[in-house]
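Inside the fold
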Amino acid sequence: MDVRKPLALLIVTLAAVLPAPAEVTDTATGTFHPAFRTLQVTANDDPFAPTVIMLNDPRSRLTISFDEIAEDRRFMRYELIHCDAGWKPEGLVASEFLDGFNEGTVEDYDFSRATLVHYVHYTITIPNREIRITQPGNYIVRVYDESDPDETLLQACFGVCDFTANIAAGVSSLTDIDANRNHQQLELTVDLSHARDVADPFNDLKIVISQNGREDNTVTLTTPQRVMGSRVIYEHLRPLIFKAGNEYRRFETVSTSYPGMGVEEISFDAPIYNMTLYTDAPRAYSPYSYDSTQHGRFFVREVSSADSDTEADYVMTHFSLAMPELPGRDVFLDGDFVNRRFDPASRMVYNRATQRYEQSMMLKQGAYNYQYLTVRSGETIGETAPVEGDFYQTTNEYTVKVYHRPRGSRFDKLIGTTVVTTM
């Protein structure tokens, strides 16, 4: 199966298969127009930190960057949507969470230089002179063309936290299911000594835990195990047991002159370079092997560039996974580079002629983490076991967020955030 297509045909094809944007039901980070690529959301210039900024701290800022495959600038605007702990829009008016108008202009842009694929690189920084946030919680930045405000081009999720709750968290492979086998278990203590108005921790708090930035297996706790004074304790709870997974795979496309890590072949098929990655194999039944990865992140990088944001090129990247077809399951690529979405762009297609799962996508040059998740028909949670395996030694990153909804309040407040990494 030849999946390599000219650039123009690729854009048209993607336009046909990508899902239409959903204003209410689809609230995850993602792009909804096929020309938009490389969406990155970073808090405080730290690519390893959660996408959470501090309330009322002018030094704490969120940066959203993305590209449009285009020759000229597009005039765009954006708005903020306040969401609850489960990312459902809460229907608040702008004056309830903003100081000023809920509309910003995308003014920071630059054109690509010396690249075969021409694009425009955009950056949005929040807060700014147009957007000033006054309440903690979950937020979506919705970007749209100023000539068509109803069409969402892309959206990015982030949190604003007042950090009045302190979180102590630990991870163990000695779980209530097994010991040093396939799972990891968290224990949490939330200290509310400095939190305000938490009258009933059993009913007013929500704890949300995510593993390695994944959205599909996020866990929400609404009831603690017990409360001791100002400490709210969550331990020996079944939802706090996660499948351990495996270390992420890696590849680098930092140069078009020589193959980087994980790249088997480079070729030029006008108007774009092609990089074929080495064919992957399942790791579920192989011994665990430690690797220092970035838990699914990616970094834009061109080895000879002074500014990779505008000088890194786009290359057609070809993935393949050699294994028998899995009946009743779909296989997806997982990582920030696909916005953690299970959609046609990230779905591997089985080629019976080669007996491989295959997928190709146009990615900006850089260093990438990825893994393969399988999803059973009719379900929405990915599984690591069939392809990657589950190993208790895996280094995972868990992000814990604490939300408070005071009695009589119309929205969930984000009052604490922390990250715990297994060693």
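Residues numbered from 1 in each chain as written. Predicted model: local features only at pLDDT ≥ 70, side-chain atom pairs only at ≥ 80, totals over all residues. Heavy atoms only, no water.

**With respect to the overall build of the chain**
Threshold: By definition, any uninterrupted DSSP run of H or I lasting at least four residues is a helix, any uninterrupted run of E lasting at least two residues is a strand, and each is numbered from the N terminus. Note that the radius of gyration is over C-alpha atoms, with the globule rule given as 2.2 Å times the number of residues to the power 0.38. Exposure categories follow from relative accessible area, calculated using a 1.4 Å probe and restricted to protein chains: below 20% of the type maximum is buried, above 50% is exposed, and the middle band is partly exposed. Every residue pair with non-hydrogen atoms within 4.5 Å of one another is taken to be in contact.
Looking only at helices and strands, the chain features three helices and 28 strands. Computed over the C-alpha atoms, the radius of gyration of the chain is 22 Å, within 12% of the 22 Å expected from 2.2 N^0.38 for a compact globule of 423 residues. Considering only C-alpha atoms, the chain reaches an extent of 65 × 55 × 40 Å along its principal axes. Residues counted as buried form 54% of the 423 residues belonging to the chain. Long-range contacts, defined here as pairs at least 24 residues apart, represent 72% of the contacts in the chain between residues at least 6 apart.

**Details of the sheet that holds strand 20 (residues 272-277)**
Applied cut-off: Two strands make a pair as long as DSSP finds a minimum of two bridges between them. Think of each axis as a best-fit line through the C-alpha atoms, taken over the contacting stretch in the case of a helix, with angles from 0 to 180 degrees between the N-to-C directions.
A sheet is described by the order of its strands in space; here five strands give the open sequence 19-20-22-25-24, paired in mixed fashion. Either end of the sheet is taken by a strand with one partner, and the two such strands are strand 19 (263-269) and strand 24 (349-351). When the angles between neighbouring strand axes are averaged without regard to direction, this sheet yields 30°. Judged from the four bridges that link them, strand 20 and strand 22 (residues 314-322) form a sheet pairing that is parallel. Bridging from a neighbouring strand, T276 pairs with H318 of strand 22.

**Some thoughts on unusual backbone geometry**
Here the bond from I126 into P127 is cis, since omega is 0°, no more than 30 degrees from zero. Mapping P127 onto the fold places it in the loop between strand 8 (120-126) and strand 9 (137-145). In this model, A270 is joined to P271 through a cis peptide bond whose omega is 15°. With respect to the helices and strands, P271 occurs in the loop between strand 19 and strand 20. For T38, which is not glycine, the phi dihedral falls at a positive 55°. Along the chain, the position of T38 falls in strand 2 (residues 36-43). Overall, T38 belongs to the buried group, its relative accessible area being 16%. Backbone geometry places N339, a non-glycine residue, at a positive phi of 60°. Judged by its relative accessible area of 17%, N339 falls in the buried class.

**Brief notes about the packing of aromatic side chains**
Convention followed: Ring pairs shown here join Phe, Tyr and Trp side chains whose ring centres sit within 6.5 Å, with only the six-membered ring taken for Trp; geometry is labelled stacked below 30 degrees between planes, edge-to-face above 60, and tilted in between.
Summed over all chains, the structure comprises 21 aromatic pairs. Seen from their ring centres, F66 and Y122 are 5.4 Å apart, and the 20° between their planes marks the pair as stacked. Pair noted here: F66 is in strand 4 (residues 62-68) and Y122 is in strand 8, with a separation of 56 residues, a long-range link. The burial state of F66 is the same as that of Y122; both residues are buried. Ring geometry for F251 versus Y368: centroids 5.1 Å apart, planes at 5°, classification stacked. Within this pair, whereas F251 is found in strand 18 (residues 249-252), its partner Y368 is found in strand 26 (residues 366-376), the two being separated by 117 residues in sequence. When sorted by exposure, F251 lands in the same class as Y368, which is buried.

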